[in-house]
Every structure is written in structure tokens, then in C-alpha cells.
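# What the coordinates show
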Amino acid sequence: MKNKVRLGVNIDHAATLRQVRGATTPYPNMLEMVKLAKAGGAKQITIHLREDRRHIQDYDVISLCKKASLEINLEMGATEEMTKIALKNKPTWVCMVPEKRAELTTEGGLNVLKGFKTLESITHRLAKAKIKVSMFIEPSIAQVEASALCGAHAVEFHTGSWVLLKGAKKKAEYKRLVEAAIEANRLGLRVHVGHGLDYAHAKMIKSLPHLVEANIGHSLICYSLTDGLKTSVQKMVKALN
Ligand code: PXP
């Protein structure tokens, strides 16, 4: 029987809601989010400390790495600033991602071939501090091979394109995911996936060979609003009466 897929819950968008009021509210509390995700069966919390700090803040990284009862997977761009933050706070995993200031979300995978020297050096420094490293890449054999040469422990395949494609193009992208997953496993890399995933994709995603982990954020945070609104309104009605 296939192993269970480990779920990492990305809580960036909970932090986005806090930041739209300039972090003047005590809610949503990130440690509370961890507790709830754990109670739901999550095995990991994923956070992305962006250069522009639009959601997760430095103090979130500090408190989550210190106090969270789940493993932390810190997504970060390949910069000296982020490397120093990771080395100081020691998350269990670092996921190296490409980062452009103006993007709405992480658009596309990392070009490990192009950034090889920098990525290899950062991976080496993190691994020396016992932090495991994954590369967020497109499902491309060349990118998988470069990730292995860099010394990465895992690859996280960008599923955002597969999610949005339709018909024959979607089938072809899934085939690329399967082939890349097989190659990653052959090279001793763990296989992770993430981006754009929803309940509707679970069946196909869990059929990917060698899949260990899925990191999911936006859909879960959105569903938690519709699933939780009745309860929070009931509490307020009670408080007002
Ligand atoms: N994995 C990586 C590397 C990401 O950048 C993101 C988005 O922040 C996710 C997973 C989660 O994607 P989504 O929020 O679309 O589920």
C-alpha cells in the first residue's frame, strides 16, 4: 500500500488578513492556526517570508520556529538576508523559491541550473546546520538533476500550471509530473508538490509516484472562512445579546 501523503498547511494568507489592518489586531493568531491545523491532521506548517513582508513577518518566523508544535517549512528566496534568518531560526525545512516583488504569488519554479552556484552554496550552509532543503521547481528532468547536484534533500514540484491547464495539455503536464517524480526518487530526492491545490485535485495528486508531501494554503484558508463563518457569527450574536 502507498504511504500516506504528509500535508503541510501554508498559513501565509492568514497572515495576509492580519496585515491588511496593519497587524493592529491580535487575530488571526499564527500559533492558534498551527494548533488547529495540527488538530486537523497537518504534519507541517509552511510559511513564506517574502522580501516585501506582505504576509509573514520576521516575528512570526521567530515565534513559529520556537513554539510551534509542528515542523516548520520556511519558503525563501536565495538571498543572504534569508539565509541568515533561516540559520538563526532553524526551521526543519527550507524550501527555496523564486521571488519577484510584483508577483501575486510564486509564479513558476526556480531555475536551479541558472542559479546553481548560489543555490549550491546556500544548500550546503543550511545542510551543515541540519536544515533540510527542498527546491521548488517545474517538473523538468533537468531541474531535478540540478537540484540533486546542489545537494537538496527534496524537490517540490510546482503544480500551479497543471491545476490551470485543460484537456490534452493537462494530461501532458501530469505526465511530466510523473516522469520528474520517478527521476527525483531515482536520485534519492523526496518528492513534494504544491501550489494551487484544492480538494478536487487530491485524487490525481496522491497517485503521483513516490509522493511524500503536499503543501497547500490558499484553498484551505478560503474554505476555513466558509466553514467557520457560521460559528464566528453565532459567537458574536451571543456576545451582543
Ligand atoms: N508551495 C510553495 C513553494 C508556494 O510558494 C506556495 C504558495 O505560497 C504553496 C506551496 C502553496 O500554494 P497555495 O497557496 O496555492 O496552496
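Every residue gets a number counted from 1 within its own chain, in the order that chain's sequence is written. Thresholds applied to this predicted model are a pLDDT of at least 70 for local features of residues and 80 or more for the giving and counting of side-chain atom pairs; totals over whole chains, interfaces and linings are not thresholded and use all residues. Side-chain calculation: all heavy atoms of the structure are included, whereas hydrogens and water are not.

Here the focus is the overall build of the protein. Numbering goes from the N terminus for both helices and strands, where a helix is a DSSP run of H or I of at least four residues and a strand is a run of E of at least two. A count of helices and strands for the protein gives 10 helices and eight strands. Relative to its length of 241 residues, the protein is compact, with a C-alpha radius of gyration of 18 Å against a globular reference of 18 Å. Across its three principal directions, the C-alpha atoms of the protein cover 60 × 40 × 35 Å. We call a residue buried when its accessible area falls under 20% of the maximum for its residue type, exposed when it is over 50%, and partly exposed in between, using a 1.4 Å probe and counting protein chains only. Per-residue burial over the protein gives 44% buried out of 241 residues. Two residues form a contact once any of their heavy atoms are found within 4.5 Å. Residue pairs in contact within the protein that sit at least 24 positions apart in sequence constitute 68% of those at least 6 positions apart. Note on areas: these come from Shrake-Rupley sampling with a 1.4 Å probe, and a residue is covered only by the protein chains present in the view. Roughly 13,100 Å² of accessible area belongs to the protein as shown, and the carbon and sulfur atoms make up 60% of that amount. Think of it this way: Lys and Arg go in the positive column, Asp and Glu in the negative one, and His and the chain ends go nowhere. The atom standing in for a charge is NZ when the residue is Lys, CZ when it is Arg, CG when it is Asp and CD when it is Glu. Both charge centroids of the protein, one from 37 positive and one from 23 negative side chains, sit 5 Å from each other. The quantity called the radius of gyration is restricted to C-alpha atoms. Its globule counterpart is 2.2 Å times the number of residues to the power 0.38.

Close to the ligand lie 14 residues; Glu75, Glu156, Gly196, Gly217 and His218 are nearest. Pairing of N or O atoms within 3.5 Å defines a polar contact, subject to two protein rules: one partner must be a possible hydrogen donor and the other a possible acceptor, and residues neighboring in sequence count only if both atoms are side-chain atoms. Within the backbone of Gly196, a nitrogen or oxygen atom sits 2.8 Å from an oxygen atom of the ligand. The residue inventory of the shell around the ligand, partitioned by class, reads three nonpolar, eight polar and three charged. Nearness is judged by heavy atoms alone; a residue qualifies as near a molecule or strand once a single heavy atom is within 4 Å of it. Any residue that is not Ala, Val, Leu, Ile, Met, Phe, Trp, Tyr, Cys, Pro, Asp, Glu, Lys or Arg is counted as polar, Gly included; the first ten are nonpolar and the last four charged.

It is worth spelling out the pattern of salt bridges at this point. For this document, the term salt bridge refers to a Lys or Arg side-chain nitrogen within 4 Å of an Asp or Glu carboxyl oxygen. Applying the stated criterion to the full structure yields 13 salt bridges. Between Lys84 and Glu80 there is a salt bridge; the shortest N-O distance is 3.8 Å. A residue pair is termed a helical-turn pair when its members lie 3 or 4 positions apart in one helix, as Lys84 and Glu80 do in helix α4 (residues 80-89) at four residues. Residue classification places Lys84 among the exposed residues on the basis of a relative accessible area of 52%. On the basis of relative accessibility, which here comes to 39%, the residue Glu80 falls in the partly exposed class. Put simply, Glu183 and Arg186 hold a salt bridge, and the shortest N to O gap is 2.9 Å. Of this pair, Glu183 and Arg186 both sit in helix α8 (residues 167-186), three residues apart, which is roughly one turn of that helix. Assessed through its relative accessible area of 10%, Glu183 is described here as buried. The network of salt bridges with shared partners includes Arg6, Glu71, Arg190 and Glu213.

Here, a disulfide means two cysteine sulfur atoms that sit within 2.5 Å of each other. Scanning the entire structure with this criterion turns up zero disulfides. Here Cys65 stays unpaired: no disulfide links it, and the sulfur of Cys95, its closest cysteine neighbor, is 14 Å away. We note that Cys150 lacks a disulfide partner, and the nearest cysteine sulfur, in Cys95, lies 13 Å from it. A relative accessible area of 4% means that Cys150 is categorised as buried.

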